[in-house]
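Structural description and commentary
Single-letter residue listing:
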Amino acid sequence: MGFWSFLIIFCFISFYVYWYSSTKALKFNANIKNGSKLPSLPSYYGTYSFFWLILPIFLILVTWFFFKPFFLDILLIKKIPSDFLTTFEGNPDMLVDTIKATNPEKFFPGTNPVIIESAKYFQNLKIISDSYVYIGTLLLGLIFSTFSLRKISVAFRARQAVEKTNVNLLILCSTIAIITTIGIIFSLIFEALRFFEKVPIFDFLLGITWSPQTAIREDQVASEGLFGAIPIFTGTLLITLIAMAVAIPIGLLSAIYLSEYAKPKIRATIKPILEILAGVPTVVYGFFAAITVGPFLKEIALFFGFSIASESALAAGGVMGIMIIPFISSLSDDVMSAVPQSMRDGSYAVGATKSETIKQVVLPAALPGVVAAILLAVSRAIGETMIVVMAAGISANLTMNPFESVTTVTVQIVTLLVGDQEFDSAKTLAAFALGITLFFLTLFLNLIALKIVRKYREKYE
Amino acid sequence: MNNTEIIKKSLMKRHLAESRFKTYGILGIISATVFLIVILSTIFIEGKSAFKSTYIKLDVFFDPSIIDPDGTRNIDEIRFANYRKVIKNSLKNYFPEVTGKEEMKSLTELISSSEEENLMQAVLKNNDLIGANKKVWLKASSKIDIIHKNPEMKDLSESNRLISDKELEWFDKLTRNGDVKFSLNKIFFLKADSTEPEQAGILGSILGSFFTLVITLILSFPIAVAAGVFLEELAPKNRLTDIIEININNLAAVPSIIFGLLGLAIFLNVMHLPRSAPIVGGMVLALMTLPTIIIATRVSLKAVPPSIREAAVGLGATKFQSVIHHVLPLAIPGIATGTIIGMSRALGESAPLLLIGMVAFIVDIPGSFTDSATVLPVQIYLWKSTAARGFVELTAAGVIVLLTFLILMNALAIFVRNKFEKKW
């Protein structure tokens, strides 16, 4: 049974179950000549039975979806003759991938017959196991919903049961956020710990050389690879600083103009235009930085008689700064508009000009909010990936010179993980160590920023 | 000097400072706007040329001895015939002066190799072509296309020009005879990626994006709306809901690449889900989009006035009924707007997809959720990373396509908001 036929049958059955159960409740009510009728509307009895149909089916299907590939791989490996498994070059995972990629109808001439056999077996297995699961779940759901029919009685409050289930489902959906966070933390920690087994944590945090070239195959002669992350951290810091040097002045001045000088109509047009900057996909900025800004800066430098790297930190950081502008201007604008008018009026009353009022009253009052905006922007800049992947370099130079090429945490994560890799080499695991550093750093910045914003809001509202 | 004069003097200074300060603000806004305009206009200037491409008119003789030597009109025979030779022969007729194997080879390279398949399709469709002579517009190769689009490159020295003096001579002869023209680059809209710039298209990645976004929407929309309804309307104020709320706010600010690491470690390595598949990409993007939709749901639920809830409860509805039957339907336009904006963000996102293998070079147009695919922004990244000169304009053209989709989605969001959202 394929997925679509399963879906059609499932729809039919669920309509039937709902209809049957609510009709049964109606008839039940009709049979009661005197005395109290059912405590809930018939449709709630229908919904109740429907829940007993759909929930088990849904649960099993979700479990099956996640475990199927895993389960099928085990069955497949069992099926492959063990002597072939040992003679195959490469690890069993690669063999499994090869078999999966082989089409038993259209294979390359010269493919090993064992692989073709296994591919056939695997294709069959996929279809058969799916149909078994579909039929099994449908039957199970039917059994459950049939039993639920027996609960229709005066003593059973169907509405309460249905609403309780609904609320529980809503809670379940809300906890996905927690599950995601836990998933992120655990997957990062787990892989990072494996990395720190191979490379001591202090070598990682304090080492000043980053060259993750380890041997790809065991018999290959290559250097061990050095995982000192300091050059990466300084590179990230440098690019973030450049981005902030662009974004803070422009963003802050724009915010001051928008909240203090601009007429409401102008503000309503300019603000969305600035926010377009945040809506442009980062890959577009990356393209712009690499194709236009990089060569442009290089030409300017040549004009002044010195040379800079075409993947300089300046190009990537500058373009990232443009992207960050709205993050600063939007939030700062909001906090400055939230400063009570009475404070400005007081300042005007003692004779201050508008700019003096802004500099000496509005900005100090809005300072916590502005700081929070800057922190959020910094966290955004640190975690930004595409611009630096496309416009910054990959070689880890320990330098603070903006004209040289540096690398960042995100660039290294991408470089280490893109392409086919074995998943137990220090090289790939290093990406997770960098990932967890990035995660906690941005988390820390965000938490502080959110806390400041919340505290500040309470002060004036 | 009396006090009035001192004040007058300082007042002038202060007023100057005032207007200076205001000018700084205006300069800030102007520079931000200028950046935006520069970015968009460079991309449009760079990319618009990719929508047209160069075609060359040739007199093609569909030689029966090459296409169908037995005269049986056997389909397999026609399909696997050497169409390169057919093109070569017609070029030979056009340029009778060309001799020598090397020169002949570079002459044949004037025409894109995709035209072999086109000729084959034409013959398959119409068997009468065999043995006939026909004037056909054939797509030029990428380097000819670049020279045609940038005539100033002809003046460069041979080594800086992509094409040799000989090739330029042939191209000039074609131009003089009026056998070169620009035409809409259909391949760009109908094909997937390719190693040859003139044969690469965007359709594969558009469909990849489509499949990915469908999964994202199916997963994130119901879950996010459910979570938003619970947190805004039904949640008791307790420890659990506090934790959930902090979590959602933090997830909204986690760098997108972290979600890619999550997808790689859990979806691919633990669960063995297929690499490069839209289904995994969709799942990762769904986790990223959840906070956006949850926050939008909560904001629009908050905007529904309490009188609606009170009226429903007053008439005997339970709290749950009042929310589902009355409050939620009124909040739908706001939720829809937030969802569209979340989806447009997911469409432009590429970093997490790089990590779960959606950067593979994929020539086939994906047909399902489990086929290997790439998405629009990743395709742009891939083309940008390719060295061949012809890919630059393709990259920019890809950006134009991506931005067009984003503008459409945002316009839809604005339309939904203005048309359906109720102001209380």
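The subject of this paragraph is the domain arrangement of chain A. Under the domain assignment, chain A is made up of domain 1 (3–156) and domain 2 (226–460). Inter-centroid distance (C-alpha atoms) of domain 1 of chain A to domain 2 of chain A is 48 Å.

The subject of this paragraph is the packing of helix H17 (residues 376–385) of chain B against helix H18 (residues 391–420) of chain B. All names here are of chain B. The interhelical angle for the contact between H17 and H18, taken along N-to-C directions, is 165°, at an axis separation of 8 Å. Here H17 lies roughly antiparallel to H18, going by the angle between them. Seen from above, H17 lies across H18 with left-handed handedness. Contact residues: Leu376, Pro377, Gln379, Ile380, Trp383 and Lys384 in H17; Phe391, Leu394, Thr395, Gly398, Val399, Val401 and Leu402 in H18. For the contact of H17 with H18, a count of residues per class yields nine nonpolar, three polar and one charged.

Moving on: the domain arrangement of chain B. Residue and element names in this part refer to chain B. What the domain assignment lists for chain B is domain 1 (3–48), domain 2 (52–191) and domain 3 (203–420). Of note, the centres of domain 2 and domain 3, computed from C-alpha atoms alone, are 45 Å apart. Elements with a minimum of two residues in the side of domain 2 that touches domain 3: helix H7 (142–149) and helix H9 (186–190). Looking at the side of domain 2 that touches domain 3 residue by residue, the class counts come to five nonpolar, one polar and two charged.

Looking now at the interface of chain A and chain B. Contacts between the two partners involve 67 residues from chain A and, on the opposite side, 67 residues from chain B. Broken down by element, the residue count for the side of chain A that touches chain B peaks at 19 residues, all from helix H6 (residues 158–198) of chain A. Tallied by class, the residues present in the side of chain A that touches chain B amount to 45 nonpolar, 18 polar and four charged.

As a further point, take unusual backbone geometry. Residue and element names in this part refer to chain B. Phi at His272 is positive, roughly 60°, even though this residue is not glycine. Relative to the assigned elements, His272 resides in the loop between helix H12 (256–270) and helix H13 (278–303). The class of His272 is buried, set by 20 C-beta atoms lying within 10 Å. One non-glycine residue, Ser276, lies in the positive phi region at around 60°. Turning to its location among the elements, Ser276 is positioned in the loop between H12 and H13. Given 21 C-beta atoms within a 10 Å radius, Ser276 is considered buried.

Residues and elements named next belong to chain A. Between helix H2 (residues 42–79) and helix H5 (residues 113–149), whose axes approach to 9 Å, the crossing angle comes to 160°. Relative to H5, the element H2 lies roughly antiparallel. You can see that H2 and H5 cross each other, and the crossing is right-handed. A class-by-class count of the residues in the contact of H2 with H5 yields 21 nonpolar, seven polar and two charged.

With that out of the way, let us pick up the environment of Ile257 of chain B. Its place among the elements puts Ile257 of chain B in helix H12. Taking the C-alpha atoms as reference points, Ile257 of chain B and Ala351 of chain B, 94 residues apart in sequence, are found 5.4 Å from one another. When residues no more than four places from it in sequence are discounted, the contact partners of Ile257 of chain B are Gly383, Thr385, Thr410 and Ile413 of chain A together with Ala351 and Pro352 of chain B.

All names here are of chain B. Strand order in the open sheet formed by three strands is S2-S1-S3, and the pairing between neighbours is antiparallel. Where the open sheet ends on each side, the last strands, each with one partner, are strand S2 (133–139) and strand S3 (180–184). The average undirected angle you get between the axes of adjacent strands in this sheet is 40°. The sheet contact formed by strand S1 (residues 52–61) and S3 spans five bridges and is antiparallel. Of the residues in S3, the one forming a bridge with Lys52 is Leu184.

Rules of the game
Residues numbered from 1 in each chain as written. Chains lettered and ligands numbered in written order. Predicted model: local features only at pLDDT ≥ 70, side-chain atom pairs only at ≥ 80, totals over all residues. Domains from an automatic or database assignment. Axes fitted to C-alpha atoms, helices over the stretch in contact; angles between N-to-C directions. Helix = DSSP H or I, 4+ residues; strand = E, 2+ residues; numbered from the N terminus. Parallel < 35°, antiparallel > 145°, perpendicular 65-115°, else oblique. Left-handed = near helix turned anticlockwise from the far one by under 90°. Contact = placed C-beta atoms within 7 Å. Nonpolar A, V, L, I, M, F, W, Y, C, P; charged D, E, K, R; others polar. Buried ≥ 20, exposed ≤ 12 C-beta atoms within 10 Å, placed from the backbone. Pairing = 2+ DSSP bridges.

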